[in-house]
Amino acid sequence: MLHAPIQTVVILGLAKGAIFALMALGITLTYRAARVINFAQGEIGTTAAFVAWWLIAKHGQPWVVGALLALAVAGLIGYGMHRFIALPMREAPRTSVMITTLGVAFLLFGIELKLFGPSPETLPTPFSGSSWGIHVGSFVLTPIYITAMLVAGAIAGGLALLLTRTRFGLGVLASAQDPASARLLGIPANLVSAFTWIAAALLGGIAGLLVAPTQGVFFAFQMSGLIFFRGLVASLIGGLDSLPGAVVGAIVVGEIDSFAGFIFNRSAGVPELVLLAIILVVMVVRPAGLLGAEVAA
Amino acid sequence: MKREYEAPVFIAALAVMFFVLGATHALSSAQAAIIDYAVIAGILALSLNLLMGYAGQISLAQASFLGLGSFVTGFVVSHLGDNHGLGLPLSLLLSVVIGAIVAMVVGLPAIRLRGVYLAIATFAFADAFDNYIFNIQKLTGLGSGVTVGRPRLGPWHLATDATLLSFALIFLAIVWLLDTRLMSIRHGRALLAIREDEQIASSFGVPVTQEKMRAFLMCGAIAGLAGSLYAYQVQVIVKSSYALQISLFYLIVVVVGGLGSRYGVVASAALFTLLPYWFTFLKGWDIIIAPALLIVTLVRNPGGLPDHFQRLRDARELKRRREGEEDIAGLRPKIVGIERDAVVAPADAELLRVESISVTFGGLNAVNDASLEVRSGAAVGLIGPNGAGKSTLFNVISGFEQPRSGRVFFEGNDITTAPSHERAALGISRTFQHVGLVRRATLLDNLMLAQHTRLDYGAIVGLTALGGSRRLEDESRANALELLDEIGLADFADLRVEVLSTGQQRLVELACAVASRPRLVLLDEPSAGMAPAAAEHLAEQLARLRKNFSTALLLIEHHIPLVTAVCDTTYVLDAGSVIASGPVRKVIKQPEVVTAYMGEAV
């Protein structure tokens, strides 16, 4: 039985879905361009949360400053992955590249532990002190959730415009299908790769910054399990290579997470079980997902 | 002493040594415990190496298998107790069995998918284990964990850390030995083929799904064993020891040690366990150093270090052994030079009949109502312009493509729906337009792989070297070497295929195609990529091959003189349809055939 009014559950699901969408968009973008899952994307989110926490909570910097510097770090990591991994491994087997991104995830985890320690920390919300919120049934939709939805919506929209309305964006989309055609459009492959990895890292970073305040506490490796995994399922539902599919998938996963959380108790791990089942069904029945192209044989 | 026993015997000797050191108190309890963790990490590394290094599958759920072994052991101990010394063997057995079963379930998506998808699926399993299974209070005791006492083995109480260490070392020796055996029997070679290319594997007659599941089974069994040993060592098992991070850490450690190398992965796992204990300043740095090493290694050598060094060594050896020889491509290979006892075949009986086959790719008719027949011992050509559907028809015959309609009969039996590896076993072998060999395996391994279906011993028999499996292996090796000798490449038997020239690879492929004594060989453009000098001899080789192995040939070829020299009759395929058939010289003069090749005359 639901422990909350249905509209509460649905709206919370949407808010979660918005954050998962950020992750899923990054995953899909990378997969399109490089045929690789960037397993470090979630941990870039945790790293961003740590950097923001260090600046905001420990050194009293304004939220905006902390967030921007955290995103700068995320972007830098993304650039590093492009420059030192994706570029030299252009011709390498995709599984090797994927395992290398797992290495990056773990490296970030190790660095977080070394620099910030294993104990859970609290990243304040940018709206601390305000008790404002939108009441949905018994549930108060706090500003951080509203921000998450707005930011995710704005980014998804902006990304869609960039990719479909600009020459550069079309080049990025084209290069996923055929690197040569992107060159014909005058977009160098290097630039596309750099854009992809930096954008994915920034999306991971933004998701991390939005999720950390909603969780009460955050800790090293948390985002890899919590939001990266859900973003991955979302992207898979969408077909791994479809950007609209990733957003639809994220909303589906957000709602599943929300409903499973309210029907069963969160701690029981039921959402994870449901997501696992979904993954298996998608893989067996339709690996191309909802909106993806046919999986290459 | 046979080489495969060297390492296991050394490990067993270590077990004796640590036992004595422990009994005389020369080895402190704390030290013994740390070394035991290193040994268990080594066993876990072998389990992951089997799956990733040999079979090329990926698992992000290794710590889940480990945890399963531990908690099954905890469950047995806390519910059944010691039970007159039965608790230990029972818990070990159950951990192994349940680990194997669960790993097979986790591996199920691998039947259809690999790479990225398999990574996602195993990641999801690890997450579900972490959040659901290991959150079951009765199984894991949650925060407080489960207490596992020190076990009893028959009359002996394995109370000290040193005895447990010796116990674990014995298991490491056994796993190591089985692992070595695996890679010398047909099931191990099958894994190498699957790692490289599943289609090639099944063209060799390897039942891909079954072998992949076996790899997951063995991987889970070994990991379950490690989990059980770990439970007895650590005594209080808590779920945080089996989190997703731990899976990733072991994966990283194994890749750094070198996938495919037993010594590498065990040493890496042991060192990353021991060093942070011995050198406390390393604590916390190990989880930074390991991934950093992984990144550096893979960026420079995406196949891993053992792969890199092996390739270098083989290229060097190839050069060294060729010194003083004339250009190898110019060598006259004498495939089929030796008279063989011909397989008795009913003369001129129907062997292959393809009836009205149609194949469509997304609305496009690749093959359209094509029929053909090959009689036993015959040599039949299949010619036609590019894109006529020749290779697609081959794929239908060898089982890589399902036709939309039509039937395929082999020796009178309908094989339209039979999987490709079964067709290989029936006696249909094939070559590919792009060389269909396991490039990262040796020539010898490739030729033995080609005899996969003729070596019909089971995995248990092979692993234990019982039931004449060694004799079968020896025969198959002798046959392989003989064939290699016939194509003039016996000197390179222990080198990897990838260091050979394309022409040489084509020869190896031909040798593989006949190694299983097939009734029918499908040759897809055998002259492609060959040096002109070698291609010239091809007709002669194919003719002798056909005679000496009394096998029928179906030959796709653009080089018409080769078809004329080898084949009696030919079919002409154009735009998916058979437009002509009959004796080669007649057929190629027919106006519609000329038109198909040259275009409409103006």
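Because the structure is a prediction, the values reported are computed rather than measured.

A. Local environment of the overall build of chain A. Along chain A, the regular secondary structure elements total eleven helices and two strands. For chain A, the succession of helices and strands along the chain, N to C, is α-α-α-α-β-β-α-α-α-α-α-α-α. Over its C-alpha atoms chain A spans a radius of gyration of 19 Å, differing by no more than 12% from the 19 Å that the globule rule assigns to 297 residues. For chain A, the spread of C-alpha atoms along the three principal axes comes to 55 × 45 × 35 Å.

B. Focus on the overall build of chain B. Regarding its fold elements, chain B presents 24 helices and 14 strands. Taken along its principal axes, the extent of the C-alpha atoms in chain B is 90 × 55 × 45 Å. The burial tally for chain B puts 52% of its 602 residues in the buried class.

C. Examining the environment of Ala-15 of chain A more closely. Residues and elements named next belong to chain A. On the secondary structure map, Ala-15 appears in helix 1 (residues 6–34). The sequence separation of Ala-15 and Met-149 amounts to 134 residues, and the corresponding C-alpha distance is 5.5 Å. When sequence neighbours within four positions are dropped, the list of residues in contact with Ala-15 reads Tyr-145, Ala-148 and Met-149.

D. Here's a closer look at helix 1 of chain A. Residues and elements named next belong to chain A. For helix 1, which comprises 29 residues, the first-to-last C-alpha distance of 40 Å matches the rise-based estimate of 42 Å (1.5 Å per residue) to within 8%. When you tally the buried positions in helix 1, you get 24 out of 29 residues, the bulk of the element. One or two positions beyond helix 1, positive phi appears at Arg-35, with a value near 55°.

E. The packing of helix 2 (residues 41–58) of chain A against helix 8 (residues 189–214) of chain A, seen in detail. Residue and element names in this part refer to chain A. Closest axis-to-axis distance for the helix 2/helix 8 pair is 7 Å, and the angle between their directions is 55°. In terms of orientation, helix 2 and helix 8 fall into the oblique class. Classified by chirality, the crossing of helix 8 by helix 2 is right-handed. Note on element contacts: helix 8 touches helix 2 through Ala-200, Ala-201, Gly-204, Gly-205, Ala-207, Gly-208, Leu-209 and Ala-212, opposite Gln-41, Gly-42, Ile-44, Gly-45, Thr-46, Ala-48, Ala-49 and Ala-52. For the contact of helix 2 with helix 8, a count of residues per class yields nine nonpolar, seven polar and no charged.

F. Here's a closer look at the interface of chain A and chain B. Listed per partner, the contact involves 40 residues of chain A and 35 residues of chain B. Ranked by residues supplied to the side of chain A that touches chain B, first place goes to helix 4 (residues 94–116) of chain A with 16 residues. A breakdown of the residues in the side of chain A that touches chain B according to their chemical character gives 29 nonpolar, eight polar and three charged.

G. Quick peek at the packing of helix 9 (residues 222–238) of chain A against helix 11 (residues 270–285) of chain A. Residues and elements named next belong to chain A. Their axes nearest at 10 Å, the elements helix 9 and helix 11 cross at an angle of 30°. In terms of orientation, helix 9 and helix 11 fall into the roughly parallel class. Crossing angle aside, the handedness with which helix 9 passes helix 11 is left-handed. Residues Arg-230, Val-233, Leu-236 and Ile-237 of helix 9 form the contact with helix 11, whose participating residues are Leu-275, Ile-278, Ile-279 and Val-282. Residue composition of the contact of helix 9 with helix 11, grouped by class: seven nonpolar, no polar and one charged.

H. Representation of the nonpolar core in the model. Residues Ala-21 of chain A together with Ile-43, Leu-44, Ala-45, Ile-222, Val-254 and Ala-511 of chain B are the most contacted members of the largest nonpolar core, which totals 290 residues. Among the elements that take part in this core, helix 1 of chain A stands out by supplying 17 residues, more than any other. The residues contacting Ile-222 of chain B, other than those within four sequence positions of it, are Ile-43, Leu-46, Ser-47, Leu-50 and Val-175 of chain B.

I. Highlighting the sheet that holds strand 13 (residues 569–574) of chain B. All names here are of chain B. Here six strands make up an open sheet; going across it, the order is 10-11-12-7-13-14 and the pairing mixed. Bordering the open sheet on either side are strand 10 (428–430) and strand 14 (577–583), each of which pairs with just one other strand. With strand direction ignored, the average angle separating the axes of adjacent strands in the sheet is 15°. Pairing between strand 10 and strand 11 (residues 520–524): three bridges, direction parallel.

J. Summary view of the pairing of strand 5 (residues 350–361) of chain B. All names here are of chain B. Two elements, strand 5 and strand 6 (residues 364–375), share eight bridges in a ladder whose sense is antiparallel. Paired with Val-354 across the strands is Leu-372, a residue of strand 6. Of the strand pairs in this sheet, strand 5 and strand 8 (residues 405–410) are connected by five bridges, and their pairing is antiparallel. In the strand pairing of strand 8, Arg-353 is matched with Phe-409.

K. Structural detail: the confidence of the model for chain A. Across chain A, the average pLDDT comes to 86, with 90% of residues at or above 70. By mean pLDDT, the top-scoring element of chain A is helix 3 (residues 63–86) of chain A (96), and the lowest-scoring one is helix 7 (residues 179–184) of chain A (68).

L. Representation of the sheet that holds strand 9 (residues 413–414) of chain B within the structure. Residue and element names in this part refer to chain B. Strand order in this open sheet of four strands is 6-5-8-9, and the pairing throughout is antiparallel. Only two strands of the sheet have a single partner each, and these edge strands are strand 6 and strand 9. Against the sheet, helix 15 (residues 390–398) contacts strand 5, strand 6 and strand 8, and its axis sits at roughly 120° relative to strand 5.

M. A look at the confidence of the model for chain B. Residue and element names in this part refer to chain B. Overall, the predicted model of chain B reaches an average pLDDT of 88, with 94% of residues at or above 70. For chain B, helix 21 (residues 532–548) is the element with the lowest average pLDDT, namely 77, and helix 10 (residues 208–234) is the one with the highest, namely 96. In the predicted structure, residues 328–344 sits below a pLDDT of 50 and forms 40 contacts with residues beyond four places in sequence or in another chain. Predicted complex, confidence summary: ipTM 0.90, pTM 0.90.

Scoring rules and cut-offs
Residues numbered from 1 in each chain as written. Chains lettered and ligands numbered in written order. Predicted model: local features only at pLDDT ≥ 70, side-chain atom pairs only at ≥ 80, totals over all residues. Helix = DSSP H or I, 4+ residues; strand = E, 2+ residues; numbered from the N terminus. Rg over C-alpha atoms; globule rule 2.2 N^0.38 Å. Buried ≥ 20, exposed ≤ 12 C-beta atoms within 10 Å, placed from the backbone. Contact = placed C-beta atoms within 7 Å. Expected span 1.5 Å × (residues − 1). Axes fitted to C-alpha atoms, helices over the stretch in contact; angles between N-to-C directions. Parallel < 35°, antiparallel > 145°, perpendicular 65-115°, else oblique. Left-handed = near helix turned anticlockwise from the far one by under 90°. Nonpolar A, V, L, I, M, F, W, Y, C, P; charged D, E, K, R; others polar. Core = buried A, V, L, I, M, F, W, Y, C linked by C-beta atoms within 7 Å. Pairing = 2+ DSSP bridges. pLDDT = per-residue confidence, 0-100.

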